[in-house]
Amino acid sequence: MEKILRKIKNKKAVIGVIGLGYVGLPLCEILLKKGFKVIGYDIDKKKINDLLNKKIYITNFNPVNIFKKINKKFIVRKVDHTVSELDFIILCVPTPLKNNVPDLSPLNNSMQSINKYLKQNQTLIIESSTYPGTTELLYQKYIKKKFNLGKNFFIGYSPEREDPGNENFTTNTIPKILGGTTAICAEMALPLYKSAIDSVHKVSNTKTAEMTKLLENIHRAVNIGLVNEIKVVSDEMGIDIFEVIDAAATKPFGFTAFYPGPGLGGHCIPIDPFYLTWKAKEYGLHTRFIELAGEINSSMPQYVVEKLILALNSIKKSVKDSNVLILGLSYKKNVDDLRESPSLDIIERLFKLGANVAYSDPYFDVFPKMRNYNFDLTSVVLNKKNLKNFDAVVLATDHDSFNYESIYSNSNLIIDTRGVFNSRTDKIFKA
């Protein structure tokens, strides 16, 4: 313990970060800024080549320290023997769902790739969002036979809390949750995080830390589901839900504003709640509240399409063969992140209905290759002529860079899923 404390204090500790995406790369940046040597690992050759060529692949991220220290204090590569040189190993790999069942293959693949290089007195920390018990499961599967937990090997869990595009909160200013598989495991990981993060909150074990992450995202998903349901009711009554929320938010206690939209996106909020619903079934429990919110949120893309059909009917047009422009591919504004974006679902549904669909998004000149979606599309320039050529415009992602005055003036119909256009006119349909 004393030895690792000295190495952290003297910036001699070597940290490995596995997964150089939205979580891992900003973490590397902070650790480098604090003076540590960092080895970043990824299976994606393009990410590694981009970093070596000083190209960044994450929007709204300033990699000053990364580019200055590449090949000096920051090394990027695939997993190899250098894992044996590490004092700390931090896993920041995705944990997706397949048919609402957690897919731990990225975590398992990472553990398999590093397993033969692990040595005594290393500390392994998992940051990937997952269900309670995952850290203990990985210990049982990969570590137990090789090391004596809490004595010559240490394992902790510290859930990522990134919010891409939010300039008010960064990796080092967002408080860190940390739980250890044993008390000494937590104590081994704590000094590293305290040296890099402004505030660290230690909990009693890894299951508590894992559940904390799920509660945070379930809290958001359930409240968005609630407000999405109220949106549908309000719309039938001719009430603007965004005006209602803004009015309710003036209450200084007992109310937190959540806003509706075309559906949930991102890696965490659409996915994490189902980690708990799946795990709860092992205990014979049915998480009805969480699943209901999931059903409501998942239905929003279809609701948007139905509102578009009604809007086109108002000008005596069918959705089939109509020209529809989707504004924004990203799951949230001002980021280049398509993970679970409801825009993709909306586009696919419209194609199936026979519409001629196009999109405009400043972060995607060409629709990228994706596992579940394959659209041969390029981003449309938003000018007067182009806007007028579309029968309807669907505002799916409210990027700040969009010229909303021009969009309003030159569009024939607007289906507004984000509450950007406050007025109710014949050309604006709330969705």
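Preceding block: the structure.
Reading guide: rules and limits
- Residues numbered from 1 in each chain as written.
- Predicted model: local features only at pLDDT ≥ 70, side-chain atom pairs only at ≥ 80, totals over all residues.
- Heavy atoms only, no water.
- Helix = DSSP H or I, 4+ residues; strand = E, 2+ residues; numbered from the N terminus.
- Contact = heavy atoms within 4.5 Å.
- Lys, Arg positive; Asp, Glu negative; His and termini not counted.
- Charge placed at Lys NZ, Arg CZ, Asp CG, Glu CD.
- Pairing = 2+ DSSP bridges.
- Axes fitted to C-alpha atoms, helices over the stretch in contact; angles between N-to-C directions.
- Patch = residues over 30% accessible without salt bridge, like charges linked within 9 Å, V, L, I, M, F, W, Y side chains within 5 Å.
- Areas by Shrake-Rupley, 256 points an atom, 1.4 Å probe, with all protein chains shown as cover.
- Salt bridge = Lys/Arg side-chain N within 4 Å of Asp/Glu carboxyl O.
- Buried < 20%, exposed > 50% of the residue type's maximum accessible area, 1.4 Å probe, protein only.
- Expected span 1.5 Å × (residues − 1).
- Right-handed = clockwise from strand over helix to strand, strands pointing away.
- Parallel < 35°, antiparallel > 145°, perpendicular 65-115°, else oblique.
- Nonpolar A, V, L, I, M, F, W, Y, C, P; charged D, E, K, R; others polar.
- Left-handed = near helix turned anticlockwise from the far one by under 90°.
- Phe/Tyr/Trp six-rings, centres within 6.5 Å; stacked < 30°, edge-to-face > 60°.
- Lys NZ or Arg CZ within 6 Å of the ring centre and 35° of its normal.

Peer 1: Is there a simple way to explain the overall build of the protein chain in this structure?
Peer 2: The number of helices and strands found in the protein chain is 15 helices and 15 strands. Judged by the C-alpha coordinates and their principal axes, the protein chain covers about 75 × 50 × 40 Å. Looking at the protein chain alone, contacts between residues at least 24 apart form 70% of all its contacts between residues at least 6 apart. Taking the average place of the 58 positive charges on the side chains of the protein chain and the average place of its 45 negative ones, the gap between the two points comes to 9 Å.

Peer 1: What am I meant to see in the sheet that holds strand 14 (residues 414–416) here?
Peer 2: The strands making up a sheet associate through hydrogen bonds between their backbones, and the pairing can be parallel or antiparallel. Taken together, 5 strands build an open sheet; the order of strands is 12-11-13-14-15 and the sheet is parallel. Looking at the sheet topology across the chains shown, the edges are occupied by strand 12 (356–360) and strand 15 (428–430). The average angle at which neighbouring strand axes cross in this sheet is 20°, direction not considered. Two strands pair when backbone bridges link them, and strand 13 (residues 392–395) and strand 14 are joined in this way by 3 bridges, in the parallel orientation.

Peer 1: Would you explain a nonpolar patch on the surface in this entry?
Peer 2: The grouping of Val233, Met237, Ile239 and Val244 at the surface amounts to a nonpolar patch, some 340 Å² of accessible area in total. Inspection of the secondary structure assignment puts Ile239 in the loop between helix 8 (206–236) and helix 9 (241–248).

Peer 1: What is the right way to look at the side chain of Asn410 in this model?
Peer 2: Along the chain, the position of Asn410 falls in helix 15 (residues 404–410). Not counting chain neighbours up to four residues away, the residues in contact with Asn410 comprise Lys384, Leu387 and Lys388.

Peer 1: Which parts of the structure should I look at to understand the sheet that holds strand 1 (residues 14–18)?
Peer 2: With mixed pairing, 8 strands are arranged side by side in an open sheet as 3-2-1-4-7-8-9-10. Strands with a single pairing partner mark the edges of an open sheet, and in this sheet they are strand 3 (74–77) and strand 10 (200–202). Put simply, the sheet's adjacent strands are angled 25° from each other on average, direction ignored. Where strand 1 and strand 4 (residues 88–91) come together, 4 bridges link them in parallel fashion. The residue of strand 4 that forms the bridge with Ile18 is Leu91.

Peer 1: Before we go on, may I ask you to explain helix 11 (residues 288–298) in this structure?
Peer 2: Within an α-helix, residues lying three or four positions from one another point in the same direction, as the helix has 3.6 residues per turn. Taken together, the buried positions of helix 11 are Ile290, Glu291, Ala293, Gly294, Ile296 and Asn297. Considering only its buried residues, helix 11 is in contact with helix 8, helix 10 (272–281) and helix 12 (300–314).

Peer 1: Just to check I follow, could you spell out helix 12 for this structure?
Peer 2: With 15 residues, helix 12 extends 21 Å between its outermost C-alpha atoms, agreeing within 8% with the 21 Å of an ideal straight helix rising 1.5 Å per residue. Along helix 12, the residues that are buried comprise Met300, Pro301, Tyr303, Val304, Val305, Lys307, Leu308, Ala311 and Leu312. The positive-phi residue at the C-terminal boundary of helix 12 is Lys316, with phi of around 60°.

Peer 1: Please explain the pairing of strand 11 (residues 323–327) as it appears in this structure.
Peer 2: Two faces, one strand: in a regular strand the side chains alternate between the faces of the sheet. Strand 11 sits mainly inside the fold: 4 of its 5 residues count as buried. Taken together, the 5 bridges between strand 11 and strand 12 define a ladder with parallel strand orientation. Bridge pairing in strand 12 links Val324 to Val357. Remark: the strand 11/helix 13 (residues 342–352)/strand 12 crossover connection has right-handed handedness. When strand 11 meets strand 13, the two strands line up parallel, connected through 4 bridges. For Leu325, the partnering residue across the bridge sits in strand 13 and is Val393.

Peer 1: Explain the environment of Leu118 here, please?
Peer 2: Counting through the fold element by element, Leu118 comes out in the loop between helix 5 (105–115) and strand 7 (123–126). Assessed through its relative accessible area of 8%, Leu118 is described here as buried. In sequence terms Leu118 and Val83 are 35 residues apart; their C-alpha atoms lie 6.8 Å from each other. If near-sequence neighbours (up to four positions away) are discounted, Leu118 is found in contact with Val83, Ile89, Ile143, Lys146, Phe147 and Phe153.

Peer 1: Where do I start with the packing of helix 6 (residues 134–143) against helix 8 in this structure?
Peer 2: Two numbers describe a pair of packed helices, the interaxial angle and the distance between the axes. Relative to each other, helix 6 and helix 8 sit at 135°, their axes nearing to 8 Å. Classified by the interaxial angle, the pair formed by helix 6 and helix 8 is oblique. Taking contact as the criterion, the partners of Thr134, Thr135 and Glu136 in helix 6 are, on helix 8, Thr206, Lys207 and Glu210. By residue class, the composition of the contact of helix 6 with helix 8 is no nonpolar, 3 polar and 3 charged.

Peer 1: Is there a simple way to think about the packing of helix 8 against helix 10 in this case?
Peer 2: Closest axis-to-axis distance for the helix 8/helix 10 pair is 8 Å, and the angle between their directions is 115°. Of the two elements, helix 8 crosses helix 10, and the hand of that crossing is left-handed. Here helix 8 contributes Met211, Lys213, Leu214, Asn217, Ile218 and Ala221 to the contact with helix 10, which in turn contributes Asp272, Pro273, Tyr275 and Leu276. Looking at side-chain class alone, the contact of helix 8 with helix 10 contains 7 nonpolar, 1 polar and 2 charged residues.

Peer 1: Can you help me understand the packing of aromatic side chains in this one?
Peer 2: Think of a pair of aromatic rings as described by two things: how far the centres are apart, and how the planes are tilted against each other in angle. Under the definition given, this model contains 10 aromatic pairs. Here the aromatic rings of Tyr359 and Phe367 are separated by 6.3 Å at their centres, their planes lie at 75°, and the arrangement is edge-to-face. With respect to burial, Tyr359 and Phe367 carry one shared label: buried. A connected cluster of aromatic rings, assembled from ring pairs, spans Phe351, Tyr359, Phe367, Tyr373 and Phe375. Positioned above the aromatic ring of Tyr408 is the side chain of Lys427, whose terminal nitrogen or guanidinium carbon lies 4.8 Å from the ring centre.

Peer 1: Please explain unusual backbone geometry as it appears in this structure.
Peer 2: Most of the time, phi is negative for any residue but glycine, and the peptide bond is trans. For Lys54, which is not glycine, the phi torsion reads 60° and is therefore positive. Within the secondary structure layout, Lys54 lies in the loop between helix 3 (45–52) and helix 4 (64–69). Lys54 sits in the exposed class, given a relative accessible area of 52%.

Peer 1: Is there a simple way to think about the pattern of salt bridges in this case?
Peer 2: Once the charged atoms of two side chains with opposite charge are near each other, the side chains can pair. Counted according to the given criterion, the structure contains 16 salt bridges. A salt bridge links Asp416 to Lys430, with the shortest nitrogen-to-oxygen separation between them at 3.5 Å. Here Asp416, found in strand 14, pairs with Lys430, found in strand 15; they are 14 residues apart in sequence, far enough to count as distant. Accessibility assignment for this pair places Asp416 and Lys430 in one class, buried.

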